[in-house]
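Observations on the model geometry
If you want the building blocks of each chain, they are given just below.
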Amino acid sequence: MNKLIQTRLWIYIFPALMDFSVAAVLLFSSIKVVTFGASSFIVGVLGSVWGITYSISSFILSKVISRNNAAGFMIVSCVSFIFIGLFFNFCTSLPPLFILLFLGGLCSSFFFVGFQMFMGDSTGLPHHKSSALYTLSWSSGLSFGSLAEGFLMSAGVFYAQVPIFLSSTIIIPGIVVARRMNKNSAGSVRKDEKKMQSMPLVRKYIQIAWIEIFSVTLVTTGIRYLTPKMTMSFFSFSEAMAGVTVFVFFIFQALAGYWASFFRVLRYRIFSHHLMKMAGIVSLIVPLALHKTAGVFLFAGLLGIYAGYAFYVAVFYAINDEERSGLNVAINESLVGVASVCGPFLFGVMLNINLKYFLIFPCIVIFLTGLVQHYLLKYHEV
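Because the structure is a prediction, the values reported are computed rather than measured. (Residues numbered from 1 in each chain as written. Predicted model: local features only at pLDDT ≥ 70, side-chain atom pairs only at ≥ 80, totals over all residues. Heavy atoms only, no water.)

1. Some details on the overall build of the protein
Check the secondary structure of the protein and you find 13 helices and 0 strands. For the protein, the α and β elements follow one another from N to C terminus as α-α-α-α-α-α-α-α-α-α-α-α-α. Within the span of the protein, comprising 382 residues, buried residues form 58% of the whole. By sequence separation, contacts in the protein at least 24 residues apart represent 88% of the contacts at least 6 residues apart. Element-wise, carbon and sulfur atoms account for 71% of the exposed surface of the protein, whose accessible area totals about 15,100 Å². (Helix = DSSP H or I, 4+ residues; strand = E, 2+ residues; numbered from the N terminus. Buried < 20%, exposed > 50% of the residue type's maximum accessible area, 1.4 Å probe, protein only. Contact = heavy atoms within 4.5 Å. Areas by Shrake-Rupley, 256 points an atom, 1.4 Å probe, with all protein chains shown as cover.)

2. Regarding helix 9 (residues 239-259)
When the terminal C-alpha atoms of helix 9 are compared, their 31 Å separation across 21 residues agrees well with the 30 Å that a helix rising 1.5 Å per residue should span. Within helix 9, 15 of the 21 residues are buried, leaving the element largely enclosed by the surrounding structure. (Expected span 1.5 Å × (residues − 1).)

3. Some details on the packing of helix 9 against helix 11 (residues 293-320)
The interhelical angle for the contact between helix 9 and helix 11, taken along N-to-C directions, is 35 degrees, at an axis separation of 7 Å. Viewed along their axes, helix 9 and helix 11 form a crossing whose handedness is right-handed. Taken together, the residues of the contact of helix 9 with helix 11 sort by class into 15 nonpolar, 7 polar and no charged. (Axes fitted to C-alpha atoms, helices over the stretch in contact; angles between N-to-C directions. Left-handed = near helix turned anticlockwise from the far one by under 90°. Nonpolar A, V, L, I, M, F, W, Y, C, P; charged D, E, K, R; others polar.)

4. Digging into the pattern of salt bridges
Under the defined criterion, the tally for this structure stands at 1 salt bridge. In this structure, E212 and K277 form a salt bridge, with 3.1 Å as the shortest nitrogen-oxygen distance. Linking E212 in helix 8 (residues 199-234) with K277 in helix 10 (residues 270-289), this pair joins segments that are 65 residues apart in sequence. (Salt bridge = Lys/Arg side-chain N within 4 Å of Asp/Glu carboxyl O.)

5. Thoughts on the environment of V64
Assignment of secondary structure puts V64 in helix 3 (residues 40-64). V64 has contacts with N69 and F73, leaving out every residue within four places of it along the chain.

6. Concerning a nonpolar patch on the surface
Taken together, L288, I360, I364, F367, L368 and L371 make up a surface patch of nonpolar side chains, about 530 Å² in accessible area. A per-element tally of the nonpolar patch places helix 13 (residues 355-376) first, with 5 residues. Given a relative accessible area of 47%, I364 falls into the partly exposed group. (Patch = residues over 30% accessible without salt bridge, like charges linked within 9 Å, V, L, I, M, F, W, Y side chains within 5 Å.)

7. A word on helix 13
Compared with an ideal rise of 1.5 Å per residue, which puts 22 residues at 32 Å, helix 13 spans 33 Å between its outermost C-alpha atoms and is within 8% of the ideal. Within helix 13, burial applies to L355, F358, L359, F361, P362, C363, V365, I366, T369, G370 and Q373. Here helix 13 starts with a cap whose side-chain oxygen sits 3.0 Å from the backbone nitrogen of K356, and that cap is N354. (Polar contact = N/O pair within 3.5 Å; in protein donor to acceptor, adjacent residues only side chain to side chain.)

8. Topic: the packing of aromatic side chains
A ring pair, where both rings are aromatic, is described by two values, the distance of the centres and the angle of the planes. Summed over the entire model, instances satisfying the criterion amount to 20 aromatic pairs. Measuring from ring centre to ring centre gives 4.9 Å for F249 and F250, while their planes differ by 70 degrees; the resulting arrangement is edge-to-face. What makes F249 buried here is its relative accessible area of 7%. Of the residues examined, F250 reaches a relative accessible area of 2% and is grouped as buried. Grouped by ring-pair contacts, the aromatic residues Y12, F111, F112, F115 and Y134 constitute a single cluster. (Phe/Tyr/Trp six-rings, centres within 6.5 Å; stacked < 30°, edge-to-face > 60°.)

9. Some remarks on the nonpolar core
Within the largest apolar cluster, 112 residues are counted, with the highest numbers of intra-cluster contacts made by F14, V25, F81, L100, F111, F299 and F358. Those residues in contact with F81 that lie beyond four places of it in its chain are M18, S21, V22, V25, W50, G104, C107, S108, I164 and S168. (Core = buried A, V, L, I, M, F, W, Y, C linked by side-chain atoms within 4.5 Å.)

10. Some details on the environment of L136
For L136, the location among the structural elements is in helix 6 (residues 127-152). Linking L136 and P15, residues 121 residues apart in sequence, is a C-alpha distance of 9.4 Å.

11. As for the confidence of the model for the protein
Reading fine detail from the predicted coordinates is not recommended where pLDDT is low. The share of residues in the protein with pLDDT of 70 or more is 86%, and the mean pLDDT across the chain is 81. The least confident element of the protein, judged by mean pLDDT, is helix 1 (residues 2-8) at 51; the most confident is helix 13 at 90. Long-range and interchain partners of residues 186-190, a stretch whose pLDDT sits below 50, account for 18 contacts in this model, where long-range means more than four residues apart. The model gives residues 192-196 a pLDDT under 50, and that stretch makes 13 contacts with residues more than four places away or in other chains. (pLDDT = per-residue confidence, 0-100.)

12. Remarks on the packing of helix 2 (residues 13-35) against helix 4 (residues 70-86)
Two numbers describe how helix 2 lies on helix 4: the axes approach to 11 Å, and their chain directions differ by 30 degrees. Considered as vectors, helix 2 and helix 4 are oriented roughly parallel to each other. Regarding helix 2 and helix 4, the two cross each other, and that crossing is left-handed. Only M74, S77, C78, F81 and I84 of helix 4 make contact with helix 2, whose side of the interface consists of F14, M18, S21, V22 and V25. Per-class residue counts for the contact of helix 2 with helix 4 are 8 nonpolar, 2 polar and no charged. (Parallel < 35°, antiparallel > 145°, perpendicular 65-115°, else oblique.)

Below is the structure:
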């Protein structure tokens, strides 16, 4: 089994490559709309389009997708993204950008809903490790995709399309190979965490997972999509530097989500949640206190650490209850979609007022989230 697990770990490159494409689409649209002179409010509305289509299509997919057809949906997603990349050429005004994000949200749901079912047949990793690798993978893809796109956009539309074409052409044959391997042998997930935790506590923390993933998605999607607008308008960043800022956020998110799996004390401990939320709140205060380039990068790194931990535990809590893991994951994805709609819109409104509102508003959200979680677990301390 150990040899099988080692040979199947390469499937985690798929989310990284797909989110490499997703980052390219998101950063392209967010920078492009700024160059059109759009207000922060319009930028926020544009960012919400992705969440709307992702949420609706994920809900519909949950009714028709299965382990047998998941690979097919992933391949359809990759092929569709190639056409989405070609659509970059038509984005010479604001309306095509709305179409671009509508298509991106729709097609990305095909991949990510499919992959979460597909990977279950491909490895036998315990849940805390599979959650960590998944977080590391998709976060790394978004980080390097943002970095690459920030520099490629300045070279022209053709080069801005490269991340999308490259990712899809690698993923498609990889899925075909992995699907053939799955037919010959199926991985079995090893159970480890539930032996050490009582089921009532595991179920209680699933509620924490739903609160966590909604709040962290609300905060990070809003800030992430508005970061190019914030950095270019308030800190005079170039397109490339705006991409670097998003890269810093995602690379710290990737590393934090992965390393969290090595520390059992970070799981099923409400104190750990509060500690990471403090890091998130501090990150949001830094740009106000240190209005310099270093302050922006420190803000991005600390916020990434908070986000990486939050996404990791949200996925882990959801799948660690194997009897309800399918339902838990479906609810997680639905909450991600809803929060992805609200986040860019709300943060666009806040940034349209001024920078201080943009940064203080998420502090309030994170603080209130911690209070609700603490109340829920008041009689379930570990």
